[in-house]
Structure formats: C-alpha cells, structure tokens
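Listed here are the chains, written in short residue letters.
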Amino acid sequence: MSVLDLECVKGFIRLCEDAFAHGWHEANGGNLSYRMDEEDVDACSACFSREGTWISLEHPAPSLAGAHFLITGSGKYLRNAVLDPAQTFGIVEVDNLGAAWRVAWGLEGAGPSSELETHLATYETALQVSDGANRVVYHAHCPNIIALSTLLPADMNTWTRALWKVMTESIIVFPQGIGVLPWMIPGSPELAQATCELMRAYKVCVWTQHGVMVRAASFDEAFGLVHTVEKSCGIYLQARAANGGEDPQFLVSDEQLRLVCARYGLTPNEDLLC
Ligand code: 2HA
Ligand code: ZN
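Asker: Describe the overall build of the protein chain, listing the residues and the values that go with them.
Answerer: Of the regular secondary structure elements, the protein chain holds 10 helices and nine strands. Partitioning the contacts of the protein chain with sequence separation of at least 6, the portion at a separation of at least 24 is 71%. Once the 17 positive and 33 negative side-chain charges of the protein chain are each reduced to a mean point, those two points are 5 Å apart.

Encoded structure:
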C-alpha cells in the first residue's frame, strides 16, 4: 500500500488543509505529528527507505523505541501538504533504543520540524501519564489566542476561567483547563521542557505571543481542541471590545459550569472553580 493511501495520512493532510483555511498557518508557522500504529507501518513499510542516516536525539526517548511518526518538515508550509506531500511531510523512524531517528519516507529536501524533539518528548510525557492513546501532537499560530495573550497575564487560572465562562461548552472540551507559558524562544530546549511539564496535566498549552500546542488521541480531537480554544478566545475578545475594553458582565457562573459537568459526567479541574 502506498503511504498516501493510509487513512492516517489522509487525516494528517485534512488537518493541514482545514487549519490553513482557518488562518492558523502563515508561511511555515506551526507543525504536526502523528504516532503511527503497527498496522499502518506494516501496510506501507515496503515503501520505506532503509538508507537514511541515523541522527542522535538530544533527549533520548526510550518509550518510543521502534515507533514511526508522520511529521511536517522543517521550514515547510502546511498549506502545501495536499499539493506536495512528500516534500511537506514524511515518516520518521525511531531506533530500537529510542536514541536516534532517521527518515523512512518523504521529507524530501528538508528534515523534520525543528520541534521534532518537543513532539517526541510530549508523546513520552503522554505515555508516562498513562495517556498512551495520544497519537497527535499539533502546534498552531491562532490569531485570537495570540491576541488574547497580549491582554491576559500568562496564568492558567485567568485563561481557563475566561474561556470556560464565555462559551457554555468550552468546559466540555477542556475540563482539565489549559496550561499557559510565558514568552519563550521558539524551538528552544527550555520551551520544549516547560511544554512537556505542562502537558503532564493538560492537553492544551498556550505559548504566549506565539500560539498553542495540543496533544490528542486523534486528528479530530486535536483540531477540535485548538478550534474550541481559538473560538472561545475570539468570543472573549469581541465581547470585551464591545464592552469598551472591560470584562463582560453576563458570563456562565461557576454553579452553571458544575451543572454542565454533572450532566455530561465530566470531572472538571476543581482548582479552577470557585
Ligand atoms: O514550525 O511554528 O514554533 C515553525 C514553528 C515553530
Ligand atoms: Zn510556532
């Protein structure tokens, strides 16, 4: 089977297209990866190159030994995933010790995203917190999230409560709340490390004045998380602007948030409720 016939590859391309159409991926902004299951790897391994050079990981990832990842390429534009798949993304194979990686397919002309190590560390974190179902790690430059990060302090309590309270169903999508990091250098080991720490507790991590990173079980969940956070940020910004820059008055109360969670069998992060 050709790589392009795999359902996961179709889902990967669809997310790139949808997210570009939403305005989240100017130039080479953002990156996406997917941890393939064994069935998918077996189905297309005949197309894999075995000649790529192994490159050592700065931070070895033993729990990902032997895993294969779809990942966007360094400097590549996500909008081109559909037009030129093998140039825009590819498959990276991790060796049997989790100490090095090589290109198995695609990524023609450029290696994987500069955030490869952040993505791998996030999958490792997910496995450590028994969230092995996580198959997608996704980073996007969403305008409303970035705009709001110029108004709110980099504090998860303030962010989560603002977003939960402007749209009733936000809490259903991210009941554990969202992590927020202060400004950090893109692609730096510090940002990777801080993101992984937050990803232990949260599926969503806002990077102040930069964008957002999520981990999820599927492309739908990853897109849905980013879409919901971005939409809630947009509503909050619009409402605040319409109210002369003041916080809006008529919001979902803490009591109502608890009622929503009870109705849908969700356990919200109680630290964030009053
Ligand atoms: O892939 O968005 O933060 C380019 C980026 C890095
Ligand atoms: Zn970025």
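Asker: Mind laying out the nonpolar core, listing which residues take part and the relevant values?
Answerer: Ranked by internal contacts, the top residues of the largest apolar core, which has 85 residues, are Leu70, Tyr138, Trp159 and Val212. For this core, the leading source of residues is helix 9 (residues 219–242), giving nine residues. Beyond its immediate sequence surroundings of up to four residues, Trp159 is in contact with Ile145, Leu148, Ser149, Leu152, Pro153, Ala154, Ile178, Val180, Val206 and Cys233.

Asker: Break down the coordination of the zinc ion (ligand 2) for me, with residues and values.
Answerer: All of the protein donors around the zinc ion (ligand 2) are His139 (NE2), His141 (NE2) and His210 (NE2); their distances to the metal are 2.1 Å. Coordination of the zinc ion (ligand 2) draws on donor residues from a single chain, spaced H-x1-H-x68-H in sequence. Highlighted residues: His139 in strand 6 (residues 136–140) and His210 in the loop between strand 8 (204–207) and strand 9 (211–216), separated in sequence by 71 residues.

Asker: Can you explain the pairing of strand 9? Please cite residues and give values.
Answerer: Extensive coverage of strand 9 is indicated by the burial of six of its six residues. The side-chain alternation of strand 9 yields two buried faces, one formed by Gly211, Met213 and Arg215 and the other by Val212, Val214 and Ala216. The pairing of strand 6 with strand 9 spans five bridges and is classified as antiparallel. By the bridge assignment for strand 9, Ala140 is matched with Val212. As paired strands, strand 8 and strand 9 are joined by four bridges and run antiparallel to one another. Note that in strand 9 the partner of Trp207 across the bridge is Gly211. Taken together, strand 8 and the strand that follows it, strand 9, pair antiparallel across an intervening segment of three residues, in which Gln209 is found at a positive phi of about 55 degrees.

Asker: Talk me through the side chain of Lys76; I want residue IDs and the actual numbers.
Answerer: Structurally, Lys76 is set in the loop between strand 3 (68–72) and helix 3 (85–88). No salt bridge forms around the buried Lys76; measuring N to O, its nearest opposite-charge neighbour Asp84 is 7.2 Å away. Beyond its immediate chain neighbours, meaning those up to four positions away, Lys76 contacts Asn28, Gln87, Thr88, Glu108 and Ala110.

Asker: Please give an account of the layout of surface pockets that cites residues and values.
Answerer: Space inside the largest pocket adds up to approximately 500 Å³. Mapped onto the lining of the largest pocket, the elements with two or more residues apiece are helix 4 (116–128) and helix 8 (189–199). Ranked by residues supplied to the lining of the largest pocket, first place goes to helix 4 with eight residues. Counted by class, the lining of the largest pocket contains 10 nonpolar, nine polar and six charged residues. Roughly 170 Å³ of internal volume is contained in the second largest pocket. Considering only residue class, the lining of the second largest pocket consists of one nonpolar, 14 polar and two charged.

Asker: How would you summarise helix 6 (residues 156–166) if you had to cite specific residues and measurements?
Answerer: Counting along an α-helix, one turn takes 3.6 residues, and residues three or four places apart therefore face a common direction. With nine of 11 residues buried, helix 6 is to be regarded as a mostly interior element. Turning to helix 6, its buried residues are Met156, Trp159, Thr160, Arg161, Ala162, Leu163, Trp164, Lys165 and Val166. Residues of helix 6 that are buried sit in contact with helix 5 (143–148), helix 7 (170–173), strand 7 (179–181), strand 8, helix 9 and helix 10 (254–263).

Asker: An account of the site of ligand 1 is needed here, citing residue identities and associated values.
Answerer: Residues in contact with ligand 1, as listed here, are Asn28, Gly29, Gly30, Asn31, Glu115, His139, His141 and His210. One of the backbone N or O atoms of Gly30 is found 2.8 Å from an oxygen atom in ligand 1. Between an oxygen atom of ligand 1 and a side-chain N or O atom of His139, the distance comes to 3.2 Å. Compared with its free state, where it exposes 220 Å², ligand 1 has 84% of that area covered by protein.

Conventions used here
Residues numbered from 1 in each chain as written. Chains lettered and ligands numbered in written order. Predicted model: local features only at pLDDT ≥ 70, side-chain atom pairs only at ≥ 80, totals over all residues. Heavy atoms only, no water. Helix = DSSP H or I, 4+ residues; strand = E, 2+ residues; numbered from the N terminus. Contact = heavy atoms within 4.5 Å. Lys, Arg positive; Asp, Glu negative; His and termini not counted. Charge placed at Lys NZ, Arg CZ, Asp CG, Glu CD. Core = buried A, V, L, I, M, F, W, Y, C linked by side-chain atoms within 4.5 Å. Buried < 20%, exposed > 50% of the residue type's maximum accessible area, 1.4 Å probe, protein only. Donors = N, O, S within 2.8 Å, 3.2 Å for Na, K, Ca; no water. Pairing = 2+ DSSP bridges. Salt bridge = Lys/Arg side-chain N within 4 Å of Asp/Glu carboxyl O. 1 Å grid on protein atoms, 1.4 Å probe; cavity = no way out; pocket = protein on both sides within 12 Å on 5 of 7 lines; lining within 4 Å. Points joined across faces, edges and corners; volume = space filled by probe spheres on them. Nonpolar A, V, L, I, M, F, W, Y, C, P; charged D, E, K, R; others polar. Near = heavy atom within 4 Å. Polar contact = N/O pair within 3.5 Å; in protein donor to acceptor, adjacent residues only side chain to side chain. Areas by Shrake-Rupley, 256 points an atom, 1.4 Å probe, with all protein chains shown as cover.

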